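Now for the letters of each chain:
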Amino acid sequence: MLSISIILHICFYVFGFISLTNPESLHNRRADSIFFENGAVFFSIMISILMLVIWLIYLFKNNAFKSFYPTNHFALFKQFALYFAIIFCCTTFYYAFQSGLKTYVDNKYDDATIKGEIALANKAAPFFSENITDYTIDKLVYPKPFDALFCETKDDFIDYAGVYYRFLNNDYQFYSLSQKTRPTKASYADSLYRNSVYTITRDSSITYYFKDKVIDVTENLKSTEPSYYNYSGVFYSNENNDNSNNSLVFHNKHDYDYKNRKNLRLSRRIQKENQELLTRNNPNEIREILSDFIILSNKYKIKHNLTANGWFDLVYNPKDFKLKALIQDEYRTDNNKKYKHSKLTKTQELYNELVTEYYLESDRLNIAFDNIDDIKKTNVISENIHFFLWLSFFLAIVIFMFRVTGLKPLLFTIVVIGLLTIIIGLIIALYSYISTYRGQNIEYFASYLTLFIGTMILSITLFSNNRLRKTIAAIFLNMSLVGFIPYLFLIVGIISMHQKDACRDLPLEKSEDCFVLMEYLGSYWSYVFFAIAFVFVLFFSKVILKWKAMAEA
Amino acid sequence: MNMSKKQERIQEVSVFLKNRDTVLGFRKLMDCALDTQNLSIYKDIIALTDWKEQFPAEEDELIERSFSILEKISKEPVEEYDTSKPIVVASNITKSYGNNRFRLGPISLELKKGKVYGLVGENGNGKTTLLRVLAKELKHTEGSLDYGFDKRNNNEFELRSNLVYIPQRTQKWYGSLKDNLKFVLSSYGTPPDENETRVLMMIARLGLWNYKHLKWSELSSGYKMRFELARTLLRKPEVLLLDEPLANLDVLAQQVILEDLKSICNSLNHPIALILSSQQLYEVEKVSDKVIYLKDGKYTDNNGTVSKNERPQLIVEIDANCERQELLDVFNATSLEKLIYNGGIFVAYFSNDTSFSSILEALGKNNMDVTYIRDISRSTRRFFVS
């Protein structure tokens, strides 16, 4: 069964490997979860169930343990470990699929190529000409003094007494910025920092930026009309995802125009390069960028109807590089390509005026880059491995219990566990009803009551099982086997609960470094418990043998 | 010069073969082969069994081929096992199912290897309980129970894996008969090539050759019991506890299986202590070295009340189409002490000096219509009818 499952793993690997061969499959968000979308998930669940059922049918045909064929506790443990291995292998085709996916993407889209392609896309992006607003003066972040200014675009916040600029009926006003910094960990309220326009969070501090004074930039401004000079959008960057501790957050009332500026430094660099390109004014250089980008788009099967020359003619305006035509962001029929409300804003009117037949689904390329980056960065054996580990473990334990003690004790065990849960629940309810203290007191009571009962069950199983009737001893045996890990969890939980409470009493500065066992273990608790669980089963096998040899009363 | 036991057995086989008792002779030949524990001889036997099943009519060649194997066997050394040491010693064991309920014992007994012990008694008198106590399936209430196995047992589980108990109702199994037998040996860690040979040898010995590919549902209950025996014997048990192995078997099959059991248990180098319970008094008494009669949980040693040398009271069981008075008249001349009629049969008790032949003579002279008559003076049958 293991070898069949390994073959199937290879199949799923291949399946994963070929499922992204068509670049179009990268056009939609979360291509890394294609497993859940292309039916592979149902296929894998079906295969898993089928394999487990067939395996169980064969497994249940013979039971050497039941017939008292010679064995030892190590062999018994080996049986359990095999059950676990088989169940685990039969349920984790997802990982084979994901590794196939990752291998394909890693090979097909190597880092250097992708880096070059992203750079090219960022170079070509200023000429996408999709939205007028991408080219308005508020997008200026380069050169000086714009790199240190903030452009207010909302009428409500514009100081009409100061210098402001108007294009159609949109107003723009530039402000210098003041800043305040505070450590991240300080927990007092943010009220001091209200009205900031944006914040930058670094490893240990947050810097708040506030509008300071209105600045007159008339000298530096060539024109208020939309121009390729103004474009500062970052088409794609995987840098800002690298360090989550260094993030830029725009505050709500200001952020909607800043959506393309996730990374100010990068925006400045891109705008600088773009302005330099336009200043060089070399038609061949621009045409080459556009034609290279078209080749790139074709590689990723991005839908467009651009030709290098056609596009070049649309955007090349050597005098001042004003925006003179627009390209649609997806294919629309003639009827749909223009705004058609009865009352259009001036910007919309301008859009209708400038829009052309050309279209380019550039968003798809962005998503494709994002998908590739995501898949490359994901660790195939991620957090959800714990789910499969523990699922397999408990399934293996149940099958093991069934094999060792038989069906009747297993069913009785389920009933007894159910009854115990109800009884414990009732006692806790009763306690909370009669006790005058409320809150955490009950938590402690419940934990210690469960701990007490758990300890009793475990010690009876370990030390005085042979005084019980064989069937009852089997129930204790099963409960100990299935309950050991929850019991361990309970102990760690109780210790952590005490530690947390002790921490709460400490002064604020000290509470930061307070030791709490559960937090200390972090996500490693799963691995630690898992190892303990296996060692437990190994030693518990001796108890099982002793139980099996028991005579009936 | 005295012949060794091995030579005696080989001699016995050659006599059977010469007398053309091929069925019995071949079985005994296989017993001799089993004693050698030699896989090459096993393979010869397997090949011959296969040939025999293909050409059942060619008796002469079978005898000839059997002799050549017998020749080979006679050259193999066989180490005899010392059977004087008891393997199970129970002293004063009792088993109580609670106050005022059934209570077994106290019973003391010793089981030795190579011996067959018959456990008889009416229903509900504790036969199964005793077997299960001896097999450690049930806890005994009092007394001590000791085992003297050759294999050292490190723990209770190992001890129990040596105590082979076959219950009256055996469990269903899956797959073919042969595969199931191979599973037993593989559980014991026998290497695959040796596994096949040993399994086929056991199949041949227990007469399962033509049934080896059948499944559980395709076997009659008699063959299911044979399968259980084969499975058990592959485990090389030192003690074998069988609960009603003869139930569901026809009279002939009962005899054959008892004979088989007896000769397998009497193996020279691997004897087995066999204890079996049964209702088939006559058949069991015929093969048992000792009969244990249980009545109300108490143990009566059949040989204990009457010693072998002493002549016991003559007890005769008679089924006749006549009135009680007629029989009394017939036995008037003999020293009749008691005549009991239990609805179906008469049981007549005579004094010690009466001979069975004189009873037959009296019945014959009076021209009685007797359908069945048996001397049960030494049989446990006398406990049942009294």
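All values derive from a computational prediction rather than experimental measurement. (Residues numbered from 1 in each chain as written. Chains lettered and ligands numbered in written order. Predicted model: local features only at pLDDT ≥ 70, side-chain atom pairs only at ≥ 80, totals over all residues. Heavy atoms only, no water.)

Caption draft 1: Up close: the overall build of chain A. In terms of helices and strands, chain A carries 19 helices and eight strands. A compact globule built from 553 residues would reach a C-alpha radius of gyration of about 24 Å, whereas chain A, at 33 Å, exceeds it by more than 25%. Oriented by its inertia axes, the alpha-carbon framework of chain A measures out at about 105 × 60 × 45 Å. Residue burial in chain A is summarised as follows: out of 553 residues, 47% are buried. Intrachain contacts of chain A at a sequence separation of at least 6 include 78% that bridge at least 24 residues. Of the roughly 29,000 Å² of accessible surface on chain A, a fraction of 59% belongs to carbon and sulfur atoms. (Helix = DSSP H or I, 4+ residues; strand = E, 2+ residues; numbered from the N terminus. Rg over C-alpha atoms; globule rule 2.2 N^0.38 Å. Buried < 20%, exposed > 50% of the residue type's maximum accessible area, 1.4 Å probe, protein only. Contact = heavy atoms within 4.5 Å. Areas by Shrake-Rupley, 256 points an atom, 1.4 Å probe, with all protein chains shown as cover.)

Caption draft 2: Representation of the overall build of chain B within the structure. Along chain B, the regular secondary structure elements total 15 helices and 13 strands. Here the C-alpha atoms of chain B give a radius of gyration of 24 Å, agreeing with the 21 Å that 2.2 N^0.38 yields for 386 residues. Projected onto its principal axes, the C-alpha coordinates of chain B cover approximately 70 × 60 × 50 Å. Counting across all 386 residues of chain B, residues that qualify as buried make up 49%. Carbon and sulfur atoms form 46% of the exposed surface of chain B, whose accessible area is close to 18,400 Å². Each charge class in chain B can be summarised by its mean position, and for the 53 positive and 54 negative side chains these summaries are 5 Å apart. (Lys, Arg positive; Asp, Glu negative; His and termini not counted. Charge placed at Lys NZ, Arg CZ, Asp CG, Glu CD.)

Caption draft 3: Local environment of the interface of chain B and chain A. Each partner contributes residues to the interface: chain B has 19 residues there, and chain A has 20 residues. Summed over both partners, the interface of chain B with chain A comes to about 1,800 Å²; 58% of that surface belongs to carbon and sulfur atoms. Where chain B packs against chain A, one counts one salt bridge. For B:Arg132, the salt bridge identified is with A:Glu552, shortest N-O distance 3.3 Å. Taken together, the links from chain B to chain A amount to six residue pairs in polar contact (both at pLDDT 80 or more). Put simply, the parts of the chain that give the side of chain B that touches chain A at least two residues each are helix 6 (156-162) and helix 7 (177-187) of chain B. (Buried area = accessible area lost by both parts, 1.4 Å probe. Salt bridge = Lys/Arg side-chain N within 4 Å of Asp/Glu carboxyl O. Polar contact = N/O pair within 3.5 Å; in protein donor to acceptor, adjacent residues only side chain to side chain.)

Caption draft 4: Highlighting the packing of helix 13 (residues 385-405) of chain A against helix 19 (residues 525-549) of chain A. Residue and element names in this part refer to chain A. For the pair helix 13 and helix 19, the least separation of the axes is 12 Å and the interaxial angle reads 5°. Put simply, helix 13 runs roughly parallel to helix 19. Between helix 13, through Ile385, His386, Leu389, Trp390, Phe393, Ile397, Phe400, Val404 and Thr405, and helix 19, the contact on the second element is made entirely by Trp525, Ser526, Tyr527, Phe529, Phe530, Ala533, Phe534, Val537, Ile544, Trp547 and Lys548. Split by residue class, the contact of helix 13 with helix 19 holds 16 nonpolar, three polar and one charged. (Axes fitted to C-alpha atoms, helices over the stretch in contact; angles between N-to-C directions. Parallel < 35°, antiparallel > 145°, perpendicular 65-115°, else oblique. Nonpolar A, V, L, I, M, F, W, Y, C, P; charged D, E, K, R; others polar.)

Caption draft 5: View of the pairing of strand 4 (residues 198-201) of chain A. Residue and element names in this part refer to chain A. The side-chain alternation of strand 4 yields two buried faces, one formed by Tyr198 and Ile200 and the other by Thr199 and Thr201. Sheet topology note: the strand 4/strand 5 (residues 205-215) ladder contains four bridges and is antiparallel. Within the sheet, the bridge partner assigned to Thr201 lies in strand 5 and is Ile206. (Pairing = 2+ DSSP bridges.)

Caption draft 6: Summary view of the packing of aromatic side chains. All names here are of chain A. Applying the stated criterion across every chain, the model contains 66 aromatic pairs over all chains. Measuring from centroid to centroid gives 5.4 Å for Phe128 and Phe235, while their planes differ by 85°, and the two rings are edge-to-face. Taken as a pair, Phe128 in the loop between helix 6 (111-124) and strand 1 (149-152) and Phe235 in the loop between strand 5 and strand 6 (247-250) lie far apart in primary sequence, 107 residues in all. Residue Phe128 shares its accessibility class with Phe235, and that shared class is buried. Relative to Phe369, the ring of Tyr236 lies with its centre 5.5 Å away and its plane at 40°, an arrangement referred to as tilted. (Phe/Tyr/Trp six-rings, centres within 6.5 Å; stacked < 30°, edge-to-face > 60°.)

Caption draft 7: The arrangement of the confidence of the model for chain B in detail. Residue-level pLDDT values for chain B average 83, and 96% of them are 70 or greater. What the predictor reports for the complex is a pTM of 0.79 with an ipTM of 0.77. (pLDDT = per-residue confidence, 0-100.)

Caption draft 8: Highlighting the pattern of salt bridges. Under the definition given, this model contains 37 salt bridges over all chains. Salt-bridge contacts for A:Lys139 lead to A:Asp138; the nearest nitrogen and oxygen are separated by 2.9 Å. Three or more residues are tied together by salt bridges with common partners; here these are B:Arg27, B:Asp31, B:Arg205, B:Arg226 and B:Asp260.

Caption draft 9: Here's a closer look at helix 10 (residues 251-265) of chain B. Residue and element names in this part refer to chain B. The end-to-end C-alpha distance of helix 10 is 21 Å, a good match for the 21 Å that 15 residues give at a rise of 1.5 Å each. Among the residues of helix 10, Gln254, Ile257, Leu258, Asp260, Leu261, Ser263, Ile264 and Cys265 are the ones counted as buried. Elements that come into contact with the buried residues of helix 10 comprise helix 2 (22-36), helix 8 (192-205), helix 9 (221-234), strand 6 (239-243), strand 7 (273-277) and helix 11 (281-287). (Expected span 1.5 Å × (residues − 1).)

Caption draft 10: Looking closely at the sheet that holds strand 13 (residues 370-375) of chain B. All names here are of chain B. Across the sheet, four strands lie side by side as 11-12-10-13; this open sheet has antiparallel pairing. A single partner strand is all that each edge strand has here, and the edge strands are strand 11 (336-341) and strand 13. When the angles between neighbouring strand axes are averaged without regard to direction, this sheet yields 20°. Across five bridges, the pairing between strand 10 (residues 314-320) and strand 12 (residues 346-350) is antiparallel. Paired with Glu317 across the two strands is Val347, which belongs to strand 12.

Caption draft 11: Region of interest: the nonpolar core. Core analysis: the biggest nonpolar cluster contains 134 residues, and A:Tyr300, A:Trp311, A:Phe369 and A:Phe393 have the highest contact counts within it. For this core, the leading source of residues is helix 19 of chain A, giving 13 residues. In terms of nonpolar packing, the next biggest core, distinct from the first, is built from 65 residues, B:Phe26, B:Met202, B:Leu233 and B:Val284 among them. (Core = buried A, V, L, I, M, F, W, Y, C linked by side-chain atoms within 4.5 Å.)

Caption draft 12: The arrangement of the sheet that holds strand 4 (residues 142-147) of chain B in detail. All names here are of chain B. The strand order across the open sheet built from three strands is 2-1-4, with neighbouring strands paired in antiparallel fashion. Strands at the two margins of the open sheet, each flanked by one partner only, are strand 2 (103-112) and strand 4. In this sheet, adjacent strand axes meet at a mean angle of 10° when their direction is disregarded. Of the strand pairs in this sheet, strand 1 (residues 86-96) and strand 4 are connected by five bridges, and their pairing is antiparallel. Its bridge partner lying in strand 4, Ala90 is registered against Leu145. Helix 5 (residues 127-134) rests against strand 1, strand 2 and strand 4 of the sheet, and its axis sits at about 125° to strand 1.

Caption draft 13: Region of interest: the environment of A:Lys337. All names here are of chain A. Among the secondary structure elements, Lys337 is positioned in the loop between strand 7 (326-328) and helix 11 (346-354). Measuring from C-alpha to C-alpha, the distance between Lys337 and Asn195 comes to 39 Å, with 142 residues separating the pair along the chain. Apart from the residues within four sequence positions on either side, Lys337 is in contact with Gln328, Arg332, Tyr351, Val355, Thr356 and Glu357.

Caption draft 14: Looking closely at a nonpolar patch on the surface. Residues and elements named next belong to chain A. A cluster of nonpolar side chains, namely Ile45, Ile49, Leu50, Val53, Ile54, Ile57 and Tyr58, defines an oily patch on the protein surface of about 690 Å² accessible area. Take Ile57: it is sitting in helix 3 (residues 40-59). You can call Ile57 partly exposed: its relative accessible area is 49%. (Patch = residues over 30% accessible without salt bridge, like charges linked within 9 Å, V, L, I, M, F, W, Y side chains within 5 Å.)

Caption draft 15: View of helix 13 of chain A. Here helix 13 of chain A contains 21 residues, and its C-alpha end-to-end distance of 30 Å stays within 8% of the 30 Å for a straight helix at 1.5 Å per residue. Backbone geometry just after helix 13 of chain A places A:Gly406 at a positive phi near 95°.

Caption draft 16: Just the state of the cysteines, in detail. Counted under the stated rule, the structure contains zero disulfides over all chains. Distance from the sulfur of A:Cys90, which forms no disulfide, to the nearest cysteine sulfur (A:Cys89) is 6.8 Å. (Disulfide = S-S within 2.5 Å.)

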